[in-house]
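As a plain string of letters, each chain reads:
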Amino acid sequence: MMKIHKFKPQIYYYTFGPNEPALTIHSGDIVVTTTRDARGLNEKLEPLPDEQKQRSNITSLRTANPLVGPIYVQEAKPGDTLAVTVEEIKLNRDSAWSGQSPFGALTGGGSGMTLPLYESLPVKRFDWQLDLEQQLGILELESSKLKQVRIPLHPFIGSIGIAPRYGRVEPSITPGEYGGNMDCVETKKGTTIYFPVWVVGAYLAFGDVHAAQGDGELCGTALETTAEVTIQVDVVRGKQLEWPHMQDDNYIMTTGSGRPLIDCVRLAHVQLITWLVDEYGFEQSEAYQVVSQVGTMRIGNIVDPNYTVVAKFPKEYLPV
């Protein structure tokens, strides 16, 4: 019988892996919880207390993108798929922050490049106001004739994933075959994300809600804020994926994370073509051809230790 868990985190994690479970649920259950922003601030702009931060006795942790969880799903076993449906992302703060630093895509700092592309870019923070009633982000401009920019909000979960394969533990800022910090705008309300289960219990964790973001998260930060998130978690028995898949009302989607960017494109599209062949009856060459003509792709991020690309195929071209 489906159960709704209203979960209040006591510890926020900075890694994806088999950390001590914060909550145990069954397949089909719903979880309602609140997130902190990428710096650990809550909906009242209060910082994360030290006693609520993940600690390690053997190494230092990068304290960015604190994650809710991990959530242990009792039925999940290696060889299964974990289906996570985003039921609601309710922004609960009237502000968001963004900024620029050596972490951004134009500076090279995040990649360890020795010759940054934009050395003169200063460290700077931008404070956005969020009109939650009209779902708008508002930035006051100091040096432009425009004076103010107003953009539509499209909240999504920046970092969501499960324990990686081969016993690995990965930082909350890195995406991979386990999901992680993909920063792809498709992880929004109405999307179901399918994760390959590598570890008994799956160990689902998520955080880093963005109120809005352009492709690539170019400056290294989106509109960083907080939200009340509602998800439903289901186990699909005996179905093994290699990379996270997604779907919403309009698209089936696949992901690829790594470096260089072209490898992300290849990973995502090989998965998409394989999905069309295995589940929708396309012949491989025909799937490749149709994807080439009607497919689209989004760049989730080009600033993290791994980049992410999402390949999208319109459902209107799927067989009925």
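Residues numbered from 1 in each chain as written. Predicted model: local features only at pLDDT ≥ 70, side-chain atom pairs only at ≥ 80, totals over all residues. Heavy atoms only, no water.

**Q** It is not clear to me how the overall build of the protein should be interpreted in this structure. Could you clarify?
**A** A tally of regular secondary structure across the protein gives two helices and 21 strands. Relative to a compact globule of 320 residues, whose C-alpha radius of gyration would be 20 Å, the protein shows 19 Å and is just as compact. Projected onto the principal axes, the alpha-carbon positions of the protein cover approximately 55 × 45 × 45 Å. Each of the 320 residues in the protein was classed as buried or not, and the buried ones make up 53%. In the form shown here, the protein has an accessible surface area of approximately 15000 Å², with 52% of it arising from carbon and sulfur atoms. Between the mean site of the 28 positive side-chain charges and the mean site of the 38 negative ones, the protein shows a separation of 4 Å. (Helix = DSSP H or I, 4+ residues; strand = E, 2+ residues; numbered from the N terminus. Rg over C-alpha atoms; globule rule 2.2 N^0.38 Å. Buried < 20%, exposed > 50% of the residue type's maximum accessible area, 1.4 Å probe, protein only. Areas by Shrake-Rupley, 256 points an atom, 1.4 Å probe, with all protein chains shown as cover. Lys, Arg positive; Asp, Glu negative; His and termini not counted. Charge placed at Lys NZ, Arg CZ, Asp CG, Glu CD.)

**Q** Sorry, what's going on with the nonpolar core here?
**A** Leu82, Ile160 and Leu204 are the most contacted members of the largest nonpolar core, which has 49 residues in total. When residues of this core are traced back to their parent elements, those giving at least two are strand S3 (23–25), strand S5 (67–73), strand S6 (81–91), strand S8 (124–131), strand S11 (156–161), strand S15 (192–196), strand S16 (204–210) and strand S17 (227–236). Not counting chain neighbours up to four residues away, the residues in contact with Leu204 comprise Val68, Gly69, Pro70, Ile71, Leu82, Val84, Ile160, Gly161, Ile162, Phe195, Ile231 and Val233. The next biggest cluster of nonpolar side chains, apart from the first, holds 16 residues, and it includes Ile273, Leu276, Val291 and Ala311. (Core = buried A, V, L, I, M, F, W, Y, C linked by side-chain atoms within 4.5 Å. Contact = heavy atoms within 4.5 Å.)

**Q** Please clarify how the sheet that holds S11 should be interpreted in this entry.
**A** Strands belonging to one sheet form pairs held by backbone hydrogen bonds; the direction of such a pair is parallel or antiparallel. Reading across the sheet, the six strands line up as S3-S5-S16-S11-S14-S13 and stay open at both edges, with mixed pairing between neighbours. In this open sheet, the two strands that pair with only one neighbour each are S3 and strand S13 (175–176). One ladder, built from five bridges, connects S11 with S16; its direction is antiparallel. Residue pairing for S16: Ile157 is matched across the bridge by Val209. (Pairing = 2+ DSSP bridges.)

**Q** Is there a simple way to explain unusual backbone geometry in this structure?
**A** Excluding glycine, a negative phi dihedral is what most residues carry, and trans is how most peptide bonds are arranged. Look at the link from Gly69 to Pro70: it is a cis peptide, with omega at 0°. Along the chain, Pro70 falls in strand S5. Along the chain, Arg259 connects to Pro260 via a cis peptide bond; the corresponding omega equals 0°. Structurally, Pro260 can be placed in the loop between strand S19 (251–258) and helix H1 (261–280). A positive phi angle is found at Asp183, which is not glycine, with a value near 50°. Mapped onto the secondary structure, Asp183 falls in the loop between strand S14 (179–180) and S15.

**Q** Just to check I follow, could you spell out the pattern of salt bridges for this structure?
**A** Oppositely charged side chains can form a pair if their charged atoms are brought close together. Here the structure, examined in full by the defined rule, presents 14 salt bridges. Here Arg165 ties to Glu242 by a salt bridge, and the two come within 3.4 Å at their closest N and O atoms. Here the residue Arg165 occupies a position in the loop between S11 and strand S12 (170–171), and Glu242 occupies one in the loop between S17 and strand S18 (245–247), the gap between them amounting to 77 residues. Linking Glu177 and Arg168 is a salt bridge whose minimum nitrogen-to-oxygen distance equals 2.9 Å. Via salt bridges that share partners, Glu186, Asp215, Arg298 and Lys312 belong to a single interconnected network. (Salt bridge = Lys/Arg side-chain N within 4 Å of Asp/Glu carboxyl O.)

**Q** For this particular structure, what's the right way to read the sheet that holds strand S10 (residues 148–152)?
**A** Sheet architecture is open: four strands sit in the order S7-S8-S9-S10, paired in antiparallel fashion. The open sheet has two edge strands, strand S7 (95–100) and S10, and neither has a second partner. Neighbour-to-neighbour, the strand axes of the sheet open up by a mean angle of 30°, direction not taken into account. Strand direction decides the pairing type here: S8 and strand S9 (residues 136–140), joined by three bridges, are antiparallel. The residue bridging Leu130 from the neighbouring strand is Gly137, located in S9. (Axes fitted to C-alpha atoms, helices over the stretch in contact; angles between N-to-C directions.)

**Q** Mind showing me how you'd approach the environment of Glu43 here?
**A** Structurally, Glu43 is set in the loop between strand S4 (30–34) and S5. Its relative accessible area of 33% is what places Glu43 among the partly exposed residues. Separated by 233 residues in sequence, Glu43 and Leu276 have C-alpha atoms that sit 42 Å apart. Once residues within four sequence positions are removed from consideration, Glu43 is found in contact with Asn92, Arg93 and Thr226.

**Q** Looking at this model, I keep getting lost on the packing of H1 against helix H2 (residues 284–294). Mind explaining?
**A** For any two helices packed against each other, one specifies the inter-axial angle together with the distance between the axes. Running from N to C, H1 and H2 point in directions that differ by 125°, and their axes come no closer than 9 Å. One way to sum up the angle between H1 and H2 is to call them oblique. Where H1 crosses over H2, the two elements pack in a sense that is right-handed. Contact with H1, carried on its side by His269, Leu272, Ile273, Leu276 and Val277, involves Gln284, Ala287, Tyr288 and Val291 of H2 and no other residues of that element. Taken together, the residues of the contact of H1 with H2 break down into seven nonpolar, two polar and no charged. (Parallel < 35°, antiparallel > 145°, perpendicular 65-115°, else oblique. Left-handed = near helix turned anticlockwise from the far one by under 90°. Nonpolar A, V, L, I, M, F, W, Y, C, P; charged D, E, K, R; others polar.)

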